[in-house]
Amino acid sequence: MVSRIIPVEPFDLVVFGGTGDLARSKILPALFRRSVAGQVPEGGRIIGVARQDMGVEAYHALIAQSLRELLPDLAQVPGALDRFLKQLDYVALDATQPEGWEQLASMLGQGVRAFYFSVGPGLFGALAERLRQHGLVSDDTRIVVEKPFGHDLASARALNATLAAQFHERQIYRIDHYLGKETVQNLMAVRFGNMLFEPLWNSQYVDHIQITVAEAVGVGGRADYYDRAGAMRDMMQNHLMQLLCLIAMEPPAKFDPDAVRDEKLKVIRALDAVKPHHIVRGQYAVPVGGVGQGYRDEVGDPRSITESYIALRAHISNWRWAGTPFYLRTGKRLVARSSVINVMFKDAPHSIFGEEAGRHANVLSIRLQPNEGITLKVTIKEPGPGGMRLVDVPLDMSFAKALGPENQSPPDAYERLIMDVIRGNQTLFMRGDEVEAAWAWTDPIIAGWQARGDVPKPYDCGSTGPGDAELLMRRDGRRWQGINP
Ligand code: NDP
Ligand code: BG6
């Protein structure tokens, strides 16, 4: 099954921070892949902007090098790189200074304009103001704002207000790249495209839901940022919160931006405050006798009490979910990279096979990455004579296998999201009120740790996280599903 290419109109995309890590590792590779797929129209222009004074040839060399490293096969397609570089320009400009904007303005056409803020969050406000001040904003202008969107509720509100002073909400695209992941969108397709699941999707039939986003990597080159953020701000407040919303929300009347975002917002607003004993914070450390660097070594602060792992139990107080706990966990340097949502159904109310048949409950596992797919654990009779013994077997569907070899590597989230910006479709972007509601839920949790001087529990690099996270489940008579690559 070959994915369809839906053409977009010619556009100008200006990437502020065009020489930075995100631009080189995600944004420009995504655009290159779209270009090779034939989705970047001929009149389209991509303009990298940063302070560094360099000519367009030097910029081309920088970007070509990243593309050759990251996408070696595509970079070798005859003519592909040249075609892409022809559409790529560079302007040296300091976002906080008045110079350089006229040159940038002179390069822009009359159609869709998108300004991607891939710079530190401290520059978002300055950029919004300068774009307006220098007359670069037309009715067809969009801005794309990277994370982190604020550090807490107050700063998110202030940023929303700063952006709202220059742009309409319909022009603001707040990125959460998890929403652009093919399998995350599949959550909606699975839930609302099938009759099978939705009637069972509630507290009457679901015992609990587990959402795991495990990473094998550590904080890497972003230690400064991460040590100020921690797993709660970096992952829980946005990516896991969005997954929770998509799993728990009511069916929107239509797949349109406000219908979807209204339903997600209702979920966030229905979340109860999390009780301190329902949260476990962890920080990775080198196991005794092991080698390598622990979290504190990587961030260069032997006393850091920032968490690199978090597990919590959340409750949604509404008719559908009252009484069904949602267990969320995420962490770095865990045993494997694995993002999975497990919907754990209740046991059958009565077993006709007697006690010896044991307890068997269905589990629907939605694997977001890697090996995207769905597994439904069903109970069947163990083959062979000797009475009625039951066994659980997986009904396994790998999307790559089911959809054919062309879908072995689904498009990167940024490809989808950037094309949606050009199309003017905000469905997969966060609205201002959603981000604020997520911070309103997160802030008291963080304030509680600060007030108590909470210190995260150490866990071994390469493990499944701190033992207390297992206890969190065991106290409730439940267990985490495994973290498998
Ligand atoms: P980098 O530090 O690697 O890059 C920053 C970019 O901004 C550089 O191109 C820099 O170039 C430019 N820049 C800095 N100051 C100015 C200025 N005053 N005017 C114009 N350009 C400026 O950061 P990242 O690429 O890692 O991150 C960018 C944004 O994306 C941040 O908000 C980050 O939180 C977010 N993000 C990053 C992720 C990642 O994996 N890297 C993941 C998710 C979000 P120069 O110094 O020449 O001006
Ligand atoms: C980013 C976080 O938003 O998501 C990183 O800032 C994290 O800390 C990354 O590593 C994970 O994204 P993915 O797509 O690799 O799961």
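Residues numbered from 1 in each chain as written. Chains lettered and ligands numbered in written order. Predicted model: local features only at pLDDT ≥ 70, side-chain atom pairs only at ≥ 80, totals over all residues. Heavy atoms only, no water.

Engineer: Looking at this model, I keep getting lost on the site of ligand 1. Mind explaining?
Structural biologist: Around ligand 1 sit 21 residues, and of these Thr19, Asp21, Leu22, Arg51 and Val119 come closest. Asp21 is positioned with one of its side-chain polar atoms (N or O) 2.8 Å from a nitrogen atom of ligand 1. Taking Gln52, its main chain carries an N or O atom lying 3.0 Å from an oxygen atom of ligand 1. Starting from 890 Å² of accessible surface for ligand 1 in isolation, the protein chains cover 77%. Per-class residue counts for the shell around ligand 1 are eight nonpolar, seven polar and six charged. (Near = heavy atom within 4 Å. Polar contact = N/O pair within 3.5 Å; in protein donor to acceptor, adjacent residues only side chain to side chain. Areas by Shrake-Rupley, 256 points an atom, 1.4 Å probe, with all protein chains shown as cover. Nonpolar A, V, L, I, M, F, W, Y, C, P; charged D, E, K, R; others polar.)

Engineer: So what exactly am I meant to see when it comes to the site of ligand 2 here?
Structural biologist: Lining the immediate environment of ligand 2, one finds Lys147, His177, Tyr178, Lys181, Glu215, Arg222, Asp234, Met235, His239, Lys332, Arg337 and Gln369. At 2.5 Å from an oxygen atom of ligand 2 is found a side-chain nitrogen or oxygen belonging to Glu215. Here an oxygen atom of ligand 2 and a side-chain polar atom of Lys332 are 2.8 Å apart. Relative to its unbound accessible surface of 400 Å², ligand 2 loses 82% to contact with the protein. Counting residues per element, the shell around ligand 2 draws most heavily on helix H9 (residues 223–248), at three residues. By residue class, the composition of the shell around ligand 2 is two nonpolar, three polar and seven charged. (Helix = DSSP H or I, 4+ residues; strand = E, 2+ residues; numbered from the N terminus.)

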